[in-house]
Amino acid sequence: MKKIITLLLICNLVCAPLVFGLEEEFDDAFVDTLTQALDKNLTVSKKSPQPIVDEFVIKTLDSNLKIKPQKQPIIKDELLSNLHYKALKTYKPVDFENILESAVVVRPIKPYSTRNLSENQYIYFNLAQDSIINNKTYKKGETIKASVETVTKNGAYGVPADFTIGNFVLVSNSIPLDGQITKTGANRSLWVNTGAYLLSPFFGLGLLMLPIRGGHAKLSPNRTYELNF
């Protein structure tokens, strides 16, 4: 077997130069024959593209037809045309360094709790101090009305109650005040769930902790809150 492989390799080495030589001679002969066959004065002629002539277009369209430039139409708004520039209010930049000057301090007139609050219910506050709103002084004790936007009751597993109050309005002049108060009760879920898990192996005592409810959310007249205008 080794002798046969050795013989094939020797034949391959001996025949390789002959093959390359034949290929080189073939290429040269082909090029020479092609060169002799071509005319020495042969040149590549340049052709300019001819326009496409459409008989239907020529017969149907006017020869004097021209494209006229079109102007963009102006959209007229009746509301803007009737608005006088003097009616526009001058923009007043907000002074962020003195933002507290536009704040008023309020306090609830009585305690409120999620025990007796419901959504869309009105509750009332008073100005905690004299305040200047829109260049007018309002005395301490002015009434402010607000509405309860959301209420979530407390639940088992220690889940607390919460509520959100907004839509503040100074009652005397119907001036809206910007602000929102959100309160959340005591969250007992962490220790209720932990205690239930730890006591469950002891005759299921942990199950007795699961009905424990979270705390109620409350508003106290002893606390004040800031609103903006």
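All residue numbers here refer to positions counted from 1 along the written sequence of the relevant chain. pLDDT decides what is reported in this predicted model: residues at 70 or higher carry local features, side-chain atom pairs at 80 or more are listed and counted, and totals for whole chains, interfaces and linings draw on all residues regardless. Only hydrogens and water are set aside; all other atoms, that is, all heavy atoms of the structure, feed into the side-chain values.

Student: An account of the overall build of the protein is requested, with residue identities and associated values reported.
Tutor: Of regular secondary structure, the protein possesses four helices and 11 strands. A simple rule labels every residue: compare its accessible area, found with a 1.4 Å probe on the protein chains alone, to the largest value its type can have, and call it buried under 20%, exposed over 50%, or partly exposed in between. Classification of the 229 residues of the protein by burial places 22% in the buried group. Contacts spanning at least 24 positions in sequence make up 60% of the contacts within the protein whose residues lie at least 6 apart. A 1.4 Å probe and the Shrake-Rupley method give the accessible areas. Residues count as covered only by the protein chains that appear here. Roughly 19,300 Å² of accessible area belongs to the protein as shown, and the carbon and sulfur atoms make up 60% of that amount. Strands here are runs of E lasting at least two residues and helices are runs of H or I lasting at least four, both read from the DSSP assignment and numbered beginning at the N terminus. Contact criterion: two residues are considered in contact whenever any of their non-hydrogen atoms come within 4.5 Å of each other.

Student: Explain the packing of aromatic side chains to me, and be specific about the residues and the numbers.
Tutor: In this scheme Phe, Tyr and Trp rings, the latter by its six-membered ring, pair at centre separations within 6.5 Å, and the angle between planes marks the pair as stacked below 30 degrees, edge-to-face above 60, and tilted otherwise. Using the criterion set out here, one finds one aromatic pair in the structure. Measuring from centroid to centroid gives 5.5 Å for Phe-125 and Phe-168, while their planes differ by 65°, and the two rings are edge-to-face. Pair noted here: Phe-125 is in strand S3 (residues 122-127) and Phe-168 is in strand S7 (residues 162-170), with a separation of 43 residues, a long-range link. Geometrically, a charge over a ring is one whose NZ (Lys) or CZ (Arg) sits within 6 Å of the ring centre while staying within 35 degrees of the ring normal. Over the aromatic face of Tyr-122 sits the side chain of Lys-145, whose NZ or CZ is 4.6 Å from the ring centroid.

Student: Tell me what's going on with the confidence of the model for the protein, and back it up with residues and numbers.
Tutor: Taken residue by residue, the protein gives an average pLDDT of 77. The fraction at 70 or more is 68%. Looking over the protein, one finds the lowest element-wise mean pLDDT in helix H1 (residues 2-37), namely 54, and the highest in S3, namely 95. Per residue, pLDDT captures the predictor's confidence, and it can take any value from 0 to 100. Confidence drops under a pLDDT of 50 for residues 18-27, and excluding neighbours within four residues, the segment shows zero contacts in the predicted structure.

Student: Residue-level account of a nonpolar patch on the surface, with values.
Tutor: On the surface, Tyr-197, Leu-198, Leu-199, Phe-202, Phe-203, Leu-205 and Leu-208 cluster together to form a nonpolar patch covering roughly 870 Å² of accessible area. Overall, Phe-202 belongs to the partly exposed group, its relative accessible area being 48%. Patch membership needs two things, relative accessible area over 30% and no salt bridge, and members are linked within 9 Å if like-charged or within 5 Å if nonpolar (Val, Leu, Ile, Met, Phe, Trp, Tyr). Whenever a carboxyl oxygen of Asp or Glu lies within 4 Å of a side-chain nitrogen of Lys or Arg, that contact is scored as a salt bridge.

Student: Give a description of the environment of Leu-190 that names residues and reports values.
Tutor: In this structure, Leu-190 sits in helix H4 (residues 189-199). On the basis of relative accessibility, which here comes to 66%, the residue Leu-190 falls in the exposed class. Residues Leu-190 and Val-159, spaced 31 residues apart in sequence, show a C-alpha to C-alpha distance of 9.2 Å.

Student: Can you lay out the pairing of S7 for me, pointing to particular residues and giving the numbers?
Tutor: Inspection of the sheet shows strand S6 (residues 143-152) paired to S7 by seven bridges, in the antiparallel sense. Note on S7: the bridge partner recorded for Ser-147 is Gly-166. Strand pairing is defined by DSSP finding a minimum of two bridges between the two strands. When S7 meets strand S9 (residues 181-184), the two strands line up antiparallel, connected through four bridges. What sits directly across from Asp-162, in S9, is Thr-184. Relative to strand S8 (residues 175-177), S7 is paired through three bridges, and the arrangement is antiparallel. The residue bridging Phe-168 from the neighbouring strand is Leu-177, located in S8. The turn joining S7 and S8, which pair antiparallel and follow one another in sequence, is formed by four residues; a positive phi near 55° is taken by Ser-174.

Student: I'd like to hear about H4, residue by residue, with values.
Tutor: All buried positions along H4 are accounted for by Ser-189, Val-192, Gly-195 and Ala-196. All buried residues of H4 lie within an arc of 140° about the axis, which places them on one face of the element. Away from its buried face by more than 90 degrees, H4 exposes Leu-190, Tyr-197 and Leu-198. Taken from the helix axis, the directions to the C-beta atoms give the arc we talk about.

Student: Tell me about the side chain of Ser-131, and name the residues and values.
Tutor: Tracing the backbone through its elements, the reader meets Ser-131 in strand S4 (residues 131-133). Under the relative-accessibility criterion, Ser-131 is labelled buried at 6%. Within the local environment of Ser-131, its side chain forms a polar contact with the backbone oxygen of Gln-129, the two atoms lying 3.1 Å apart. Not counting chain neighbours up to four residues away, the residues in contact with Ser-131 comprise Val-104, Lys-136, Thr-137 and Tyr-138. Contacts described as polar in this section are N or O atom pairs within 3.5 Å, which, within protein, must combine one atom able to donate a hydrogen with one able to accept it, while residues neighboring in sequence count only if both atoms come from side chains.

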